[in-house]
Every structure is written in C-alpha cells, then in structure tokens.
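# An overview of the molecular structure
Single-letter residue listing:
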Amino acid sequence: MKNQVQVYNTLTRSKELFIPLQPPLVGMYVCGPTVYSDVHLGNCRTFVSFDLIYRYLLHLGYKVRYVRNITDAGHLEGDRDEGDDKFAKKAKLEQVEPMEIVQRYTLGFHEVMGLLNTLPPSIEPTATGHIAEQIEMVKEILASGLAYEVNGTVYFDVEKYSQNHNYTILTNRQLEDLLANTRELGGQDDKKGRLDFALWIKAKPEHIMRWPSPWGWGFPGWHIECSAMSKKYLGDTFDIHGGGLDLAATHHTNEIAQSQACNHHEPARFWMHTNMLTVNGTRMSKSAGNGFLPGELFSGNHPSLSKAFSPMTVRFFMLQAHYRSTLDFSNEALEASEKGFKRLLQAVDLLNGLKPSDQSTCDVAALKARGYAAMNDDFNSPILIAELFEAVKLINGINDGKVQISVADLASLSQFVKQMVFDVLGLQAEGKEGTELAPLMDLVIKLRNEAKAKQDYATSDKIRIALQEAGIQLNDSKESTTWTKL
Ligand code: AMP
Ligand code: ZN
C-alpha cells in the first residue's frame, strides 16, 4: 500500500502506524446511536467523522468491514444501572410498543445519515437482535470469576478485575480518584463494589422489554451489547474501535474489561475517539437541552439560525475541524462554511472546461503529496481542505489564463480534486433541480414581498401555503426570505 496512515490511538496516547491485522482487511466497530429520540448534530458529527475515516481507508484500497450498532434496549435513565428504560418510558408515554419507538427513530437516523451523505456501515446490528450472544458472554464472564449474581442481576466485579488488570487503561485515571468520585453504595444496592456495573439486569414487574435468561427474566446492561456484537462480527481482536470521546471513561472502559474477562485480551488494537460538537463551549447533548436537530438546520427553523443550511454545508462545516478537536457550532461558522463550500464546488465545476498548455507553471505533484500527507496524518481533513483551496486558486488561475498546466498535470489535478472532494470528503454537488428553480423562486419571493409591503397578507400567506404544498418551504427572517425543498 503506497499510503500509510498514522492513527492516534487513545489506548497508547500516541500516533501509531496503522497496519491492520490481516491487510487489506480492516475491522472497524463504532458505537452507534441510541434510538429513543432524534439524533442531534453532535451525534451526527461523530458519525460523519467515522464516515471520513471509513471513506479514506476505502480510498487507500483497504477492504473495511464497518460495524455500527443500534442501541435499542438496556439504556436506563440513571447512571448507576437504575431508573426507567428510556425506550419503555417513551413507549408508555405515547401508548405505543417500544419497538415502534425504535423503528421510528432508526428510520429518522438513516434519513439524516443519507442526507449527510454518509456511507451505510457494512453491518448494523441491534442490541435486541443479539440477546443470545450477550447472555453467552455474561455466562463466560461469570465462569471466569469476574462477575457475580445477586437476585437475578449480574454485576461485573471491578475491584477483583483490577487486581490483575488495569481497569482505567483507556483514560489513564487513578482507580483511587475514580472511587473517591463515585457515590457510596446505598442500602438498596445489591452490588458489592462502588464501581461494579451490571451485565444483566433483573426486570421489575412493570418492565416491558425483557428476555428469559439463566438468571430469570431481565435485559442486558448497556456495555455488553458492543462487546458481544463486535466479537460476533469482527472476532475477539479487531483493528479499530471508535465512538465519541464521552464514551471512553465508562462505556469503552467497561467494554475492555468485559472482553478481557471473556477473551483474555484487549478487543481492539486502535481506540479512536471523536471530540465533541459544542455550543458556546458546552457539549451539545440531549440532557443539556442545547441539541440542534439536523432538520432544524436544513429548514432554518430555529431562533438562533438566520436561514436554512443545506446538508452539504453542514457536512463541510464538520470536516473543516480535525476529528480530535472540539468544534463550536454557530450561525456565523455555518455561514462561513457555506461560502467556502460554494467556492470549492464552483472551482470543481470549472475543471472539465479548462484548457491545457504545452507545459505547467504549477506543481500539481507537490499539491497532491501535501493533501495525502494531511490525510495520512491521522485523517487531518482541515489541512486537506486548505490544500484543496490551493487547488481552487490554481483552477481559477488556469481559467483566467494566468497559470499554465500540461495535459498530464490537468488530468492529475482533476482526478485528485474530484476524488478528494467527492469520494473522501463525501461532499456532493447540491440539487441541480434547486438551481434551476432559483430564478423562479426569486420572482415568487419578490411578488410575495410586494404583497406584504401592501399589507396584503392574504396573498402572501396564499403563496407560502401553495409553495409548502408543492414541497418548498419559505423561511422568513428579519433581513430576507430563503427557501428550501422539503
Ligand atoms: P448516543 O445516541 O447518545 O449514544 O450517542 C451516539 C454517539 O454520538 C456516541 O458515539 C456519542 O459519543 C456521540 N456524541 C454524543 N454527543 C456528542 C457531541 N456533542 N459531539 C460529538 N459526538 C457526540
Ligand atoms: Zn458501544
């Protein structure tokens, strides 16, 4: 393989040369969404980041088996294996089956992933579809002596595990600090140690999502699903395990402990974590109430947004930051991304019409080498994008007759830019349909503004409703009116 990638490994806290266990095969597991509500833009950032990684590995010629799960069971409200099941709670509230909730939000998630042009994973297993595998793994951990059962619930024994293993290997925290920061066991607690976590949880009488097990009726703890499903589809040891950085301290730490107890070695060779999308510096999350929904961006329907932003603008905005840096979300940042994205695509459009010369006055090979070097350095998309803007300058220079390029260099430049923009960054030219409608829409909006100026609100509403029925939404702000296709 000509290009080799240096990947930052959370496990070793350093960049390492990425050589898969069985080249050219790569096994990659990414923790997927919990489908009890809509994904927010923060979740999307993690999946777009792994889509970039997936796409670049494919581009380099690797054959990637990309597994991304759907969490559809076992997610409790509390952080200590307590509280209601989030799916069951929502189902009860809406008087539907829990699996109707799962279906609705899985479809919604797929739709958003499609709009953001992420490639579907090779396998998308669900927790409820792999109960038998999870039970099997719990049995093996019990047999290893690192778990215990109390009254139908099975706990992982973290203190016992820590005697021979480094429980906090992924985050390098001190076990003593962890213990100091964890609540004391209460009188109701069945577990022995404060850090112990549930592998299998006994179902209370009102709990709907339940399965029979050797320990009675119950449901799996959250962490065991990823250990069981990664083992099933990628084997005991695989190349890459990923997810958002917020998962490292608990979910991934517990996954490592479970797999060690069961298979006696680390599950993944490389642990990769994407950093958080923030709003005014605070992590975007459902619980913080600062979660922007993709649909709100695509329609412009949010008080903090001046207008609608297209899915490709949103994707471009995300790729302008390195996946390990935080990225702050704002209307201004999106506006800047929209301009940049348009400039890039306008230059791509020019490529096919450029006239070559006898010789080149530019260095295409050096530009390409810098672009690949960026991606080989832990998938550094912002640097790649900066190099693509160097290409934009070149393209515009050639178009204006200020720069000369040979036939061979033009072919190479064209291939490089198109492959990087479309295949690797996963950007798409946006709706030709929309572009054709633009002059017509300008006219309709102008007529509507004239009606509004005459206080003829009946006509202005009629236009808005008629457009809505035709699948076009108008977004009014103080300064202007924009439109989006629904
Ligand atoms: P969840 O549905 O909450 O389990 O999250 C799905 C994925 O999104 C996980 O990999 C999380 O780590 C990730 N995630 C959650 N919040 C953010 C955020 N603000 N920025 C980036 N990734 C996030
Ligand atoms: Zn997981």
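Residues numbered from 1 in each chain as written. Chains lettered and ligands numbered in written order. Predicted model: local features only at pLDDT ≥ 70, side-chain atom pairs only at ≥ 80, totals over all residues. Heavy atoms only, no water.

Within the first shell, the zinc ion (ligand 2) binds the protein through Cys31 (SG), Cys226 (SG) and His251 (NE2), at distances of 2.0 to 2.1 Å. Here the donor residues of the zinc ion (ligand 2) share one chain and are spaced in sequence as C-x194-C-x24-H. Of this pair, Cys31 sits in the loop between strand S3 (25–30) and helix H1 (41–59) while Cys226 sits in helix H7 (residues 222–234); the two residues are 195 residues apart in sequence, bridging distant segments of the chain. Just as Cys31 is buried, Cys226 falls in that class too. (Donors = N, O, S within 2.8 Å, 3.2 Å for Na, K, Ca; no water. Helix = DSSP H or I, 4+ residues; strand = E, 2+ residues; numbered from the N terminus. Buried < 20%, exposed > 50% of the residue type's maximum accessible area, 1.4 Å probe, protein only.)

This paragraph deals with the packing of aromatic side chains. Per the counting criterion, the structure on display carries 16 aromatic pairs. Judged by centre distance (6.1 Å) and plane angle (80 degrees), the rings of Tyr36 and Phe87 are edge-to-face. Of this pair, Tyr36 sits in the loop between S3 and H1 while Phe87 is found in helix H2 (residues 86–94), placing the two residues 51 residues apart along the sequence. As far as burial versus exposure is concerned, Tyr36 and Phe87 are alike and both buried. Taking the ring centre of Tyr148 as reference, the NZ or CZ of Lys192 above it sits at 4.4 Å. (Phe/Tyr/Trp six-rings, centres within 6.5 Å; stacked < 30°, edge-to-face > 60°. Lys NZ or Arg CZ within 6 Å of the ring centre and 35° of its normal.)

This next bit is on unusual backbone geometry. Each neighbour pair has its own omega, and for Pro23 with Pro24 the value is 5 degrees, a cis peptide bond. Residue position: Pro24 is located in the loop between strand S2 (14–17) and S3. Positive phi values are uncommon outside glycine, yet Arg13 reaches one of about 55 degrees. Mapped onto the fold, Arg13 is located in the loop between strand S1 (6–9) and S2.

This brings us to the nonpolar core. The biggest cluster of nonpolar side chains holds 135 residues, and the ones touching the most others in it are Ile141, Phe156, Phe329, Phe379 and Leu413. If one sorts the elements of this core by residue count, H1 sits on top with 10 residues. Both domains that meet at this core, namely domain 1 (19–274) and domain 2 (278–424), each give it at least three residues. If sequence neighbours within four positions are ignored, Leu413 has contacts with Leu351, Val364, Leu367, Ala391, Leu394, Ile395, Ile398 and Ile405. One finds Met441, Ile463, Leu467 and Leu474 within the second-largest nonpolar core, a separate group that totals six residues. (Core = buried A, V, L, I, M, F, W, Y, C linked by side-chain atoms within 4.5 Å. Domains from an automatic or database assignment. Contact = heavy atoms within 4.5 Å.)

Within the open sheet, the four strands sit side by side as S5-S6-S7-S8. Their pairing is antiparallel. Of all the strands in the sheet, the pair left with one neighbour each is strand S5 (147–150) and strand S8 (218–220). Sheet twist, expressed as the mean angle between neighbouring strand axes with direction ignored, is 20 degrees. By the bridge criterion, three bridges tie strand S7 (residues 197–202) to S8 in an arrangement that is antiparallel. Paired with Trp200 across the strands is Pro220, a residue of S8. (Pairing = 2+ DSSP bridges. Axes fitted to C-alpha atoms, helices over the stretch in contact; angles between N-to-C directions.)

This part is about the domain arrangement of the protein chain. As far as domains go, the protein chain holds domain 1 (19–274), domain 2 (278–424) and domain 3 (435–485). Relative to domain 2, the C-alpha centre of domain 1 lies at a distance of 34 Å. Every contact between the two is made by 30 residues of domain 1 and, on the other side, 35 residues of domain 2. Both faces considered, domain 1 and domain 2 share a buried interface measuring about 2700 Å² in area, 69% of it formed by carbon and sulfur atoms. When the buried surface of domain 1 facing domain 2 is broken down by residue, Leu41, Arg45 and Tyr56 rank first, second and third, together holding 28% of it. For the pair domain 1 and domain 2, the number of links is two salt bridges. Close ionic contact of Asp51 with Arg315 constitutes a salt bridge, the shortest N to O distance being 2.7 Å. (Buried area = accessible area lost by both parts, 1.4 Å probe. Salt bridge = Lys/Arg side-chain N within 4 Å of Asp/Glu carboxyl O.)

Attention now moves to the pattern of salt bridges. For the coordinates displayed, the defined rule picks out 19 salt bridges. For Asp51, the salt bridge goes to Arg55, with nearest N and O atoms at 2.8 Å. With a gap of four residues between them, Asp51 and Arg55 both fall in helix H1, about one helical turn apart. Take Asp51 and Arg55: they sit in the same class, and that class is buried. In this structure, the salt-bridge partner of Lys139 is Glu136, at a minimum N-O distance of 3.4 Å. Of the two residues, Lys139 and Glu136 are both situated in helix H4 (residues 131–143); the distance of three residues between them amounts to about one turn of the helix. Accessibility expressed as a relative area gives 37% for Lys139, which makes it partly exposed.

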